[in-house]
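Now for the letters of each chain:
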Amino acid sequence: MRLTYRPDQLTLSVEDDGRGFPDDVPRGNGLLGITERVTAVGGTATLRNGPEGGAHVEATLPIPPDSPTTSEAG
């Protein structure tokens, strides 16, 4: 799991070393829900298999320019 902060966006990446997403199985409500929620706020979601197996899920969310930073809200 990796969380990356930039002043204009926040990215959460999660990877595992399992079997990945089967090609012949439709995505369930959990993965669909992630995609819908992230795109609803103007972000992007990527769900893919890793190059050597496993799954990779990444969500990038925009941070509005007028949002307080952690140090300001603290």
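Residues numbered from 1 in each chain as written. Predicted model: local features only at pLDDT ≥ 70, side-chain atom pairs only at ≥ 80, totals over all residues. Heavy atoms only, no water.

(A) The overall build of the protein, seen in detail. Scanning the protein from N- to C-terminus turns up 2 helices and 4 strands. For the protein, the α and β elements follow one another from N to C terminus as β-β-α-β-β-α. Contacts in the protein between residues far apart in sequence, at least 24 positions, make up 53% of those at least 6 positions apart. (Helix = DSSP H or I, 4+ residues; strand = E, 2+ residues; numbered from the N terminus. Contact = heavy atoms within 4.5 Å.)

(B) Geometry of the pairing of strand E3 (residues 44–49). Pairing geometry for E3 and strand E4 (residues 55–62), over 6 bridges, is antiparallel. What sits directly across from Thr46, in E4, is Glu58. (Pairing = 2+ DSSP bridges.)

(C) Layout of the environment of Gly18. Mapping Gly18 onto the fold places it in the loop between strand E2 (9–15) and helix H1 (29–40). According to the relative accessible area criterion, Gly18 is partly exposed, its value standing at 36%. Put simply, Gly18 and Gly50 are 32 residues apart on the chain and 9.5 Å apart in space, counted from C-alpha to C-alpha. If we ignore the near neighbours within four places in the chain, the residues touching Gly18 are Gly53 and Gly54. (Buried < 20%, exposed > 50% of the residue type's maximum accessible area, 1.4 Å probe, protein only.)

(D) Looking closely at the pairing of E2. With 5 bridges joining them, strand E1 (residues 2–6) and E2 adopt antiparallel strand pairing. The residue of E2 that forms the bridge with Tyr5 is Leu10. Note that E2 and E4 share 7 bridges and pair antiparallel. The residue bridging Leu10 from the neighbouring strand is Leu61, located in E4.

(E) Structural detail: the pattern of salt bridges. What the rule picks out here adds up to 1 salt bridge. In this structure, Asp8 and Arg6 form a salt bridge, with 3.2 Å as the shortest nitrogen-oxygen distance. Owing to a relative accessible area of 40%, Asp8 belongs among the partly exposed residues under this scheme. Note on Arg6: relative accessible area 41%, which makes it partly exposed. (Salt bridge = Lys/Arg side-chain N within 4 Å of Asp/Glu carboxyl O.)

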